[in-house]
Amino acid sequence: MEIFGARIWVTGASTGIGAALATELADRGARVAISARNAEQLAEVAGGRMAVVPLDVTDRAATVAAGERVREALGGLDVAVLNAGTWSSFHVEPWDSQLFADHLQVNVMGAVHTMEAVVPQMLAAGRGRVVGVASVAGYRGLPGSEAYNAGKAALINLLEGLRGSLAPRGVVVQIINPGFVTTRLTDRNTCPMPFKVEADVAARTIADGIARDKAEVVFPVPMMVAMKLARLLPVRAWTRLTAELARRGVHGGQTRRAG
Ligand SMILES: NC(=O)c1ccc[n+]([C@@H]2O[C@H](COP(=O)([O-])OP(=O)(O)OC[C@H]3O[C@@H](n4cnc5c(N)ncnc54)[C@H](OP(=O)(O)O)[C@@H]3O)[C@@H](O)[C@H]2O)c1
């Protein structure tokens, strides 16, 4: 698709990948609207050249209303990038069901609410594009990151199903699965983060993937290879590997240091 002149809404754009992507898309000539909860940070990212629509994606009614505001501001909508997300580590003791609920509210239901805000109009128009930012973390379960990985696995599955449902109606679904990217989210993470890339590199890769109509954008390449191979590893071998990592204190979420 042609990015220049496209009307694009990016959620989770106050910081990190979303902020870098909104900037990259605006630099390529897109008309961009950005959302997140922090209005001040959004205004900074916008720099006067993007529409700013503050939003908490866990609020269904507010998200649907925000979709309307975005269409008004941009004069319609061609692409919605569902990027808002959160991460924190999970511990089995004490068990924390609320942490799961919070993750699923943002990482799954937040995306679902944003879809509700854009898909009906795209179906009515017979055209449009939904770009979901999931993660390679959704490919397999990892100790210490159960709440995040489960939500991202659900999001990948949801987007894959939706792709089939919407394709015959002219609406394209693209899935973005980043590896580690330097952002506020990974700043909280003390586990080893192989092949980590900067947010502006991630933004360029995602913008290129959107422009090239790629069904799935996975990066960086070494992480893609590692995680696609991990998906092929038999359950017994994956269990042995992850149990060993957990024993050594290396979790998907953090490294437990001795002492
Ligand atoms: N960094 C990585 O290594 C990595 C890897 C794979 C996938 N991802 C995914 O990439 C996306 C962006 O993450 P990031 O790394 O750029 O982290 P980030 O810098 O923390 O950005 C997260 C964004 O989501 C927004 N957000 C969080 N909760 C929200 C809510 N309830 N309503 C609306 N906006 C909300 C945040 O803004 P406010 O706080 O202002 O609301 C922020 O703009 C996430 O979906 C994440 O899972 C990241």
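Residues numbered from 1 in each chain as written. Predicted model: local features only at pLDDT ≥ 70, side-chain atom pairs only at ≥ 80, totals over all residues. Heavy atoms only, no water.

- Within an unreviewed UniProt entry, the label attached to the protein reads Short-chain dehydrogenase, and the organism entered is Modestobacter caceresii.
- UniProt's Sequence similarities (unreviewed entry) comment on the protein is quoted here verbatim: "Belongs to the short-chain dehydrogenases/reductases (SDR) family." (UniProt positions renumbered as here; feature names shortened; annotations may be inferred.)

### Description of the overall build of the protein
Moving on, step 1. If you tally the helices and strands in the protein, you get 9 helices and 9 strands.
Moving on, step 2. Against the compact-globule benchmark of 18 Å for 259 residues, the protein has a radius of gyration of 18 Å, which places it among compact chains.
Moving on, step 3. Projected onto the principal axes, the alpha-carbon positions of the protein cover approximately 55 × 40 × 30 Å.
Moving on, step 4. Out of the 259 residues in the protein, the part that is buried amounts to 50%.
Moving on, step 5. Residue pairs in contact within the protein that sit at least 24 positions apart in sequence constitute 67% of those at least 6 positions apart.
Moving on, step 6. Computed over 28 positive and 23 negative side-chain charges, the inter-centroid distance for the protein is 6 Å. (Helix = DSSP H or I, 4+ residues; strand = E, 2+ residues; numbered from the N terminus. Rg over C-alpha atoms; globule rule 2.2 N^0.38 Å. Buried < 20%, exposed > 50% of the residue type's maximum accessible area, 1.4 Å probe, protein only. Contact = heavy atoms within 4.5 Å. Lys, Arg positive; Asp, Glu negative; His and termini not counted. Charge placed at Lys NZ, Arg CZ, Asp CG, Glu CD.)

### Examining the pairing of strand β5 (residues 128-133)
Moving on, step 1. Here β5 lies mainly inside the structure; 6 of its 6 residues are buried.
Moving on, step 2. Along β5, one buried face is formed by Gly-128, Val-130 and Gly-132 and the opposite face, lined by Arg-129, Val-131 and Val-133, is buried too.
Moving on, step 3. As paired strands, strand β4 (residues 79-82) and β5 are joined by 4 bridges and run parallel to one another. The residue of β5 that forms the bridge with Val-79 is Arg-129.
Moving on, step 4. After leaving β4, the chain enters helix α4 (residues 97-125) and then returns to the sheet as β5, a path that is right-handed.
Moving on, step 5. Note that β5 and strand β6 (residues 171-178) share 6 bridges and pair parallel. (Pairing = 2+ DSSP bridges. Right-handed = clockwise from strand over helix to strand, strands pointing away.)

### Quick notes on the site of the ligand
Moving on, step 1. Ile-17, Arg-37, Tyr-148, Val-181 and Thr-183 are the nearest of the 30 residues found near the ligand.
Moving on, step 2. The backbone of Asn-38 places a nitrogen or oxygen atom 3.0 Å from an oxygen atom of the ligand.
Moving on, step 3. A distance of 2.9 Å separates a nitrogen atom of the ligand from a polar side-chain atom of Asp-56.
Moving on, step 4. Against a free-state accessible area of 880 Å², the protein chains account for coverage of 96% of the ligand. (Near = heavy atom within 4 Å. Polar contact = N/O pair within 3.5 Å; in protein donor to acceptor, adjacent residues only side chain to side chain. Areas by Shrake-Rupley, 256 points an atom, 1.4 Å probe, with all protein chains shown as cover.)

### Describing the packing of aromatic side chains
Moving on, step 1. Scanning the entire structure with this criterion turns up 3 aromatic pairs.
Moving on, step 2. Where Phe-90 meets Trp-95, the ring centres are 4.9 Å apart and the plane angle is 80 degrees; that geometry is what we call edge-to-face.
Moving on, step 3. Since its relative accessible area comes to 4%, Phe-90 is described here as buried.
Moving on, step 4. Each ring, one from Phe-90 and one from Phe-100, has its centre 4.8 Å from the other, and the planes form 75 degrees; the classification is edge-to-face. (Phe/Tyr/Trp six-rings, centres within 6.5 Å; stacked < 30°, edge-to-face > 60°.)

### Here's the deal with the environment of Lys-196
Moving on, step 1. Along the chain, Lys-196 turns up in the loop between α6 (184-187) and β8 (197-198).
Moving on, step 2. Assessed through its relative accessible area of 38%, Lys-196 is described here as partly exposed.
Moving on, step 3. Taking the C-alpha atoms as reference points, Lys-196 and Thr-186, 10 residues apart in sequence, are found 9.5 Å from one another.
Moving on, step 4. Setting aside residues no more than four positions away along its own chain, Lys-196 makes contact with Phe-180, Val-181 and Thr-182.

### A word on the pattern of salt bridges
Moving on, step 1. All told, the structure shown has 12 salt bridges when counted by the stated rule.
Moving on, step 2. As a salt-bridge pair, Arg-28 and Asp-208 come within 2.9 Å of each other at their nearest N and O atoms. Taken together, the residues Arg-28 in the loop between α1 (16-27) and β2 (31-35) and Asp-208 in helix α7 (residues 199-211) connect sequence positions 180 residues apart.
Moving on, step 3. Overall, Asp-208 belongs to the partly exposed group, its relative accessible area being 26%.
Moving on, step 4. Taking the shortest distance from any N to any O, the salt bridge between Glu-216 and Lys-228 comes out at 2.8 Å. Here Glu-216, found in strand β9 (residues 216-219), pairs with Lys-228, found in helix α8 (residues 221-232); they are 12 residues apart in sequence, far enough to count as distant. (Salt bridge = Lys/Arg side-chain N within 4 Å of Asp/Glu carboxyl O.)

### Re the packing of α1 against α7
Moving on, step 1. Axis separation between α1 and α7 bottoms out at 8 Å; the angle between their running directions is 55 degrees. Between α1 and α7, the interaxial angle falls into the category oblique. In the packing of α1 onto α7, the handedness of the crossing is right-handed. Contacts between α1 and α7 involve Gly-16, Ile-17, Ala-20, Leu-21, Glu-24 and Leu-25 on the former and, on the latter, Ala-199, Asp-200, Ala-203, Arg-204, Ile-206 and Ala-207.
Moving on, step 2. Here the residues of the contact of α1 with α7 are counted per class, giving 8 nonpolar, 1 polar and 3 charged. (Axes fitted to C-alpha atoms, helices over the stretch in contact; angles between N-to-C directions. Parallel < 35°, antiparallel > 145°, perpendicular 65-115°, else oblique. Left-handed = near helix turned anticlockwise from the far one by under 90°. Nonpolar A, V, L, I, M, F, W, Y, C, P; charged D, E, K, R; others polar.)

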